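The residues making up each chain are set out below.
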Amino acid sequence: MNTLFIGKNFIHLKEVDSTNSFASGLLSEQAPEGTVISADWQSAGKGQRNAVWKSNAGCNLMLSVILYPRFLSPQKTFDLNRMVSLSVWETVHHFLPDRSVNIKWPNDILVDGKKIAGILLENQLEASRVRSAVAGIGMNVLQKEFPDGFKRRPTSVSLESSKTIKRETIRDFLFERMERNYLKLRSGQMASIDKNYLHALYRYQEDADYRIGGHVYKGRIIGVERSGRLALEIDQKLKYFTIKEVEFCP
Ligand code: BTN
C-alpha cells in the first residue's frame with residue numbers, strides 16, 4: 001500500500017457491532033488521521049437513513065476511516081461525501097473496467113444499476129468547522145448470494161468479474177484513491193472532484209422518474225448543490241431536494 005496516512009494505523013477486528021461506532025469511540029483518544037477500523041463481521045452495521053447494513057462474514061469490505069477535515073466549514077460537509085463516493089467509484093471502476101459503474105446520489109455505488117457499495121459518513125461538527133469525520137464504507141466483494149428484501153438488487157465484485165480479486169487488493173487501491181482525493185479536497189481542488197463526481201453520476205442529464213411527496217414526476221438531474229441537495233429539472237423548472245424528499249424510481 002502506497003499511502004502517507006490512510007490505513008497506516010490499521011485495526012482489523014473479527015467481529016464488532018459497527019466499525020463506524022468503534023471508530024467514533026477512538027475520536028476521544030485522538031486516533032491519528034487516516035486510522036482505519038475494519039471488520040470481518042458486524043453485528044449492528046449501520047446504513048443510511050437508520051437502515052441496517054448486513055453482510056456475510058469474512059467476504060466483503062467493511063471499514064471506517066477517521067478524518068479530521070478541520071479545513072471544512074459545517075456547510076460543506078457534502079464535499080466529504082463527494083470525495084469518498086468518488087474514491088469508491090474509482091476503485092470499483094478500476095476493478096470492473098467493462099461495467100457501467102455509477103454513483104447514485106448521494107453516495108451509493110451501482111454496477112449496471114445494482115448496488116455494490118454504500119457509504120455512511122458521520123461528522124462531528126463545531127460552530128465553524130468540521131472537527132472530525134468517520135467515513136464508513138461497505139463494499140460487496142466475494143459474496144455471491146444475497147437474501148431477498150433489498151430495495152435495489154445487490155451485486156458484488158465476484159459476481160461482476162471473471163477474475164478473482166482479493167479483498168486486500170481492492171482495499172489498498174481504495175486507500176490510495178481516498179488519500180489522493182482527500183489531499184485534493186484539502187488543497188482546495190474541489191472543482192476537479194466535483195467534475196469527476198458528476199461524470200460518474202447515475203442518470204445525470206437523463207430523463208427518469210422520481211417519487212416526490214407521494215407522486216411520480218419525470219425529471220432530469222442537472223447537478224448537485226454544494227450543500228448536497230439534488231438539482232432536478234421538472235416541467236422545465238429547477239427544483240432542489242434533500243435525501244428525505246426524493247426517491248429514485250427503478
Ligand atoms: C448504505 O448504503 O446505507 C451505507 C452503508 C454503509 C455500511 C458501512 S459497513 C462499514 C461501516 N460501518 C457501519 O456500521 N456502516 C458502514
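Below is a summary of the structure that appears in this document.

## Considerations on the packing of aromatic side chains
Step number 1: In total, this model carries seven aromatic pairs according to the counting rule given.
Step number 2: A centroid spacing of 5.4 Å and a plane angle of 75 degrees characterise the contact between F95 and F173, whose relative ring orientation is edge-to-face. Pair noted here: F95 is in helix α2 (residues 78-95) and F173 is in helix α4 (residues 167-186), with a separation of 78 residues, a long-range link. The same class applies to F95 as to F173, namely buried.
Step number 3: Three or more aromatic residues joined by ring pairs form one cluster here, namely F5, F71 and Y182.
Step number 4: The aromatic ring of Y197 is capped on one face by R82, whose charged end is 5.6 Å from the ring centroid.
Step number 5: Stacked on the ring of F248, the Lys or Arg K104 has its end atom at 4.8 Å from the ring centre.

## Some details on the sheet that holds strand β6 (residues 114-125)
Step number 1: Reading across from one edge, β1-β2-β3-β7-β6-β5-β4 is the order of the seven strands in this open sheet, with mixed pairing throughout. Here the strands that pair on one side only, and so sit at the sheet edges, are β1 (10-16) and β4 (101-104). Across the sheet, the mean angle from the axis of one strand to that of its neighbour is 20 degrees, orientation sign disregarded.
Step number 2: Where strand β5 (residues 108-111) lies against β6, four bridges are found, and the strand directions are antiparallel.

## Quick word on the site of the ligand
Step number 1: In the vicinity of the ligand there are 20 residues, among which S18, T19, K46, Q48 and K115 approach most closely.
Step number 2: Q48 places a main-chain nitrogen or oxygen 2.7 Å from an oxygen atom of the ligand.
Step number 3: Taking K115, its side chain carries an N or O atom lying 2.6 Å from an oxygen atom of the ligand.
Step number 4: Of all the elements in the fold, those that place two or more residues in the shell around the ligand are α1 (19-27), β3 (61-67), β6 and β7 (130-139).
Step number 5: Split into classes, the residues belonging to the shell around the ligand amount to six nonpolar, eleven polar and three charged.

How each quantity is defined
Residues numbered from 1 in each chain as written. Predicted model: local features only at pLDDT ≥ 70, side-chain atom pairs only at ≥ 80, totals over all residues. Heavy atoms only, no water. Phe/Tyr/Trp six-rings, centres within 6.5 Å; stacked < 30°, edge-to-face > 60°. Helix = DSSP H or I, 4+ residues; strand = E, 2+ residues; numbered from the N terminus. Buried < 20%, exposed > 50% of the residue type's maximum accessible area, 1.4 Å probe, protein only. Lys NZ or Arg CZ within 6 Å of the ring centre and 35° of its normal. Pairing = 2+ DSSP bridges. Axes fitted to C-alpha atoms, helices over the stretch in contact; angles between N-to-C directions. Near = heavy atom within 4 Å. Polar contact = N/O pair within 3.5 Å; in protein donor to acceptor, adjacent residues only side chain to side chain. Nonpolar A, V, L, I, M, F, W, Y, C, P; charged D, E, K, R; others polar.

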